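Breakdown of the fold
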Amino acid sequence: MLAKRMLSVVGLTMLLAWQSPVWADVSSALPRAPLVIHVEDESYRLEVELARTAAERRRGLMDRDHLAEDGGMLFLYDEPQSAQAGFWMYRTRIALDIAFLDAEGIVVAVHTMQPCTSSNPYDCPVTVAGADYHAALEVNAGYFEARGIEEGACIVWSGRQGGCRSTP
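Residues numbered from 1 in each chain as written. Predicted model: local features only at pLDDT ≥ 70, side-chain atom pairs only at ≥ 80, totals over all residues. Heavy atoms only, no water.

Within this structure, the stated rule accounts for seven salt bridges. With its nearest N and O atoms 3.0 Å apart, the salt bridge here joins Arg-64 to Glu-49. Of the two residues, Arg-64 is situated in the loop between helix H3 (54-59) and strand S3 (71-81) and Glu-49 in strand S2 (residues 42-51); the sequence distance between them amounts to 15 residues. Neither residue differs from the other here; Arg-64 and Glu-49 are each classed as buried. (Salt bridge = Lys/Arg side-chain N within 4 Å of Asp/Glu carboxyl O. Helix = DSSP H or I, 4+ residues; strand = E, 2+ residues; numbered from the N terminus. Buried < 20%, exposed > 50% of the residue type's maximum accessible area, 1.4 Å probe, protein only.)

Have a look at this one:
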């Protein structure tokens, strides 16, 4: 009987930990890397978290209340992603811009995403890339527009082979 109660308590604790933003912030656990966005003669530097695994990409920026002005999250994939694939904002409380990048680091699509306040993930819209992509960069909403970053901009980051001009 005691073992059953202990299992119930453990199960409830795990469920609460998944739902609780206090316990769920994994920002310090992800590796960070410098990233540079090249737009014509301008360059913009960011320090981004790298989401490389499926679990890290699923978690994304969920349950965060703040993202540094010069911060972001770079979602990296081993295989190309379909133009019909996308991102959703379930449990994401920060309005975000997202840039989808091709294999060369060229921005192929840019979108702005608003937080989804529903507790039901199926009520949250999906932002579809609209172009095949190999990586995606999320930053605070308005960042791209304020700097004139749009399709055709080139993004380079530490550890990536090649680049627009020079690696960070």
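Back to the write-up after that little detour.
Let's shift gears to the state of the cysteines. Applying the stated criterion to the full structure yields one disulfide. Residue Cys-116 pairs covalently with Cys-124 via a disulfide, S to S 2.1 Å. Here Cys-116 and Cys-124 share a disulfide; its torsion about the S-S bond, -80°, makes the bridge left-handed. (Disulfide = S-S within 2.5 Å.)

So, on to the sheet that holds strand S9 (residues 154-157). Two orientations exist for strands paired in a sheet by backbone hydrogen bonds: parallel and antiparallel. As summarised here, the arrangement of the seven strands in space is S6-S5-S8-S3-S2-S1-S9, forming an open sheet in which the pairing is mixed. Two strands bound the open sheet, and with one partner strand each, they are strand S6 (107-113) and S9. On average, each strand axis in the sheet is inclined to that of its neighbour by 30°, with strand direction left out of account. In the sheet, S2 pairs with S3 via five bridges, with the strands oriented parallel. From the neighbouring strand, Leu-50 faces S3, where its bridge partner is Leu-74. (Pairing = 2+ DSSP bridges. Axes fitted to C-alpha atoms, helices over the stretch in contact; angles between N-to-C directions.)

This next bit is on the environment of Pro-121. Of note, Pro-121 is situated in the loop between S6 and strand S7 (126-128). Filtering out sequence-adjacent residues up to four positions away, Pro-121 remains in contact with Trp-88 and Tyr-90. (Contact = heavy atoms within 4.5 Å.)

Below, the discussion takes up unusual backbone geometry. The backbone of Glu-40 shows a phi angle near 50°, a positive value even though the residue is not glycine. Structurally, Glu-40 can be placed in the loop between strand S1 (32-39) and S2. Its identity as a non-glycine residue notwithstanding, Asp-63 has a phi of 65°, on the positive side. Considering the arrangement of structural elements, one finds Asp-63 in the loop between H3 and S3. Among the residues examined, Asp-63 registers a relative accessible area of 6% and is labelled buried.

These figures capture arrangement, not role.
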